[in-house]
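# Structural description and commentary
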Amino acid sequence: MLHTINKIGVMTSGGDSPGMNAGIRSVVRACAFHNIECIGIFRGYEGMIEGDFKPMNARSVKGIINKGGTILKSARSKEFRTVEGRKKAHEQLLKAEIDAFVVIGGDGSFTGAMIFSQEYGMPVMGIPGTIDNDIFGTTHTLGYDTALNTVVEVIDKIRDTASSHNRLFFIEVMGRDAGHIALNVGVGAGAEEILIPEEDLGLDRLLESLRRSKQSGKSSSIVVVAEGDKIGKSVFELKDYVEEHMTEYEVRVSVLGHMQRGGAPSCFDRVLASRMGVKAVESLITGKTNCMVGLKNDVMALTPLGQAVKGKSKINLELLRVSDIMSI
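## A look at the overall build of the chain
What the chain contains, in helices and strands, is eleven helices and eleven strands. Taken against the 2.2 N^0.38 rule, which gives 20 Å for 328 residues, the C-alpha radius of gyration of the chain at 22 Å falls within 12% of a compact globule. If you line up the chain on its principal axes, its C-alpha atoms span 70 × 35 × 30 Å. With 328 residues in all, the chain has 53% of them scored as buried. Accessible surface, the chain as shown: approximately 14800 Å² in total, 51% of it carbon and sulfur.

Below you can see the structure in the form of structure tokens.
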């Protein structure tokens with residue numbers, strides 16, 4: 001069933017990522033270009049349930065393309081996971097005469113949108129916004145490129161002090177279920193070893209690698225660890241294990257945490273967000289629904305939300321091989 005689209009809502013949900021504001025800006029201005037009203041939905045699904053809406057026009061989003069975070073705020077909503085919560089949200093959208101909405105977020109946000117659309121037949125389009133780059137159907141998610149640049153810059157600074165004191169640094173980066181950040185920044189920052197959830201290196205092989213580095217004349221080492229790595233219960237447990245078996249190393253740990261989500265988005269993320277927002281709005285206008293906008297072979301493409309949520313983004317195996325060669 002095709003809907004006539006006169007008013008589109010836009011929201012950000014789940015964890016924030018650099019580029020979300022650029023995505024909001026793109027959706028709002030694409031709506032203005034096509035003479036469609038745009039409504040900002042604040043605080044994700046929680047705001048949808050409470051009717052926390054505000055009309056937005058092209059001037060509402062000036063000066064935000066360069067800002068991190070999200071002007072629409074973000075929140076996780078337990079109530080939206082219930083039938084009653086989604087019913088309240090639908091009533092609020094009907095009251096505001098919103099015909100369709102765009103959600104910028106990750107797999108949890110897309111799951112909510114998919115269920116909601118199936119229950120009420122409301123057209124919905126997803127834009128992938130997460131620094132983890134762990135969503136199927138796109139080579140890049142909003143915020144991923146910015147996070148890479150942020151982490152590489154920090155590791156460069158840590159390497160200065162590691163070299164000065166002949167230390168081994170374990171640097172934990174985000175990536176609970178996917179090692180995209182760890183693998184790419186590890187190669188980009190010249191790490192001696194990279195630990196990711198997809199590859200169980202094992203403690204013995206880690207020690208062997210570190211000993212090889214030491215024997216080759218390296219006086220300091222950087223090991224990048226994805227937070228979802230399976231070797232130890234925590235990066236601190238890894239530190240204790242290495243200190244116990246390699247007393248010649250003075251080991252330090254740096255957990256980068258939420259700083260990876262902050263900062264001004266890179267040029268790549270700003271351009272990607274602009275392209276995704278336009279594609280999302282124009283897809284809704286032409287009757288498409290229940291899809292996510294993604295980047296494939298530098299072209300904007302749609303992936304059904306069900307596939308985006310259930311599919312698994314694959315690690316770059318060639319990059320793994322390059323990392324082994326580069327750490328010699």
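Having seen the model, we can carry on.
## Regarding helix H8 (residues 235-245)
Turning to H8, its buried residues are Val235, Leu238, Lys239 and Val242. Buried residues of H8 fall within an arc of 100 degrees about the axis and therefore sit on the same side. Tucked into the core, H8 has its buried residues touching strand S6 (167-173), strand S7 (193-195), helix H7 (203-215), strand S8 (221-226) and strand S9 (250-255).

## Describing the side chain of Thr303
Its place among the elements puts Thr303 in strand S11 (residues 299-304). A polar side-chain atom of Thr303 sits 3.3 Å from a polar atom in the side chain of Lys296.

## Concerning the environment of Asp107
Relative to the elements of secondary structure, Asp107 occurs in helix H4 (residues 107-120). With relative accessibility at 41%, the residue Asp107 sits in the partly exposed group. For the pair Asp107 and Thr130, spaced 23 residues apart in the sequence, the C-alpha separation amounts to 9.2 Å. Ignoring anything within four residues of it in the chain, the contact list for Asp107 reads Ile135 and Val309.

## Digging into the sheet that holds strand S2 (residues 37-41)
Spatial strand order, S3-S2-S1-S4-S5-S10-S11: seven strands in an open sheet with mixed pairing. Looking at strand neighbours, the two that pair on one side only are strand S3 (53-56) and S11, the edges of this open sheet. Averaged over neighbouring strand pairs, the angle between their axes works out to 30 degrees when direction is ignored.

## Structural notes on the pattern of salt bridges
Using the criterion set out here, one finds 13 salt bridges in the structure. Note that Arg86 and Glu119 form a salt bridge whose closest N and O atoms lie 2.7 Å from each other. In this pair, Arg86 sits in helix H3 (residues 83-95) while Glu119 sits in helix H4, placing the two residues 33 residues apart along the sequence. Using a relative accessible area of 37% as the deciding quantity, one classes Glu119 as partly exposed. For the salt bridge of Lys87 with Glu91, the shortest nitrogen-to-oxygen distance reads 2.9 Å.

## With respect to helix H11 (residues 317-326)
The complete set of buried residues in H11 reads Leu319, Leu320 and Ser323. Projected onto a plane normal to the axis of H11, the buried residues spread over an arc of 105 degrees and lie on a single side. Along H11, the residues that are exposed and aim more than 90 degrees away from the buried face are Leu317, Glu318 and Arg321. In the core, the buried residues of H11 are packed alongside helix H6 (180-188) and S7. For H11, the N-terminal cap is Asn316; the gap from its side-chain oxygen to the backbone nitrogen of Glu318 is 3.0 Å.

## Describing unusual backbone geometry
Positive phi is not limited to glycine here, since Asn35 has a value of about 55 degrees. With respect to the helices and strands, Asn35 occurs in the loop between helix H1 (20-33) and S2. The phi angle at Asn290 is positive, at roughly 60 degrees, despite the residue not being glycine. Looking at the element boundaries, Asn290 is found in the loop between helix H9 (267-285) and strand S10 (291-296).

About the thresholds
The residue numbering used here restarts from 1 in each chain and proceeds along that chain's sequence as written. Reporting of local features is limited, given that this is a predicted model, to residues whose pLDDT is at least 70; pairs of side-chain atoms are given and counted only at 80 or more, and all residues count toward the totals for whole chains, interfaces and linings. Note: side-chain values were computed over all heavy atoms of the structure, leaving out hydrogens and water. Helix and strand definitions here come from DSSP, where helices need a minimum of 4 consecutive H or I residues and strands a minimum of 2 consecutive E residues; each element is numbered from the N-terminal end. In this description the radius of gyration comes from C-alpha coordinates, and the expected globular size is given by 2.2 Å times residues to the power 0.38. Each residue is assigned to one of three classes by its accessible area relative to the maximum for its type, calculated with a 1.4 Å probe on protein chains only: buried under 20%, partly exposed between the two thresholds, exposed over 50%. Using the Shrake-Rupley algorithm and a 1.4 Å probe, accessible areas are obtained, with residue cover drawn only from the displayed protein chains. What the arc describes is the spread of directions from the helix axis to the C-beta atoms. Here, two residues are considered to be in contact whenever any of their heavy atoms come within 4.5 Å of each other. Side-chain atoms alone can form a polar contact between residues adjacent in sequence; in general such a contact is a pair of N or O atoms within 3.5 Å, and within protein one must be able to donate a hydrogen while the other accepts it. Any two strands with at least two DSSP-identified bridges between them are counted as paired. Every axis corresponds to a line fitted to the C-alpha atoms, with the helix fit spanning only the stretch in contact, and the corresponding angles, defined between N-to-C directions, vary from 0 to 180 degrees. A pair is scored as a salt bridge if a Lys or Arg side-chain nitrogen falls within 4 Å of a carboxyl oxygen belonging to Asp or Glu.

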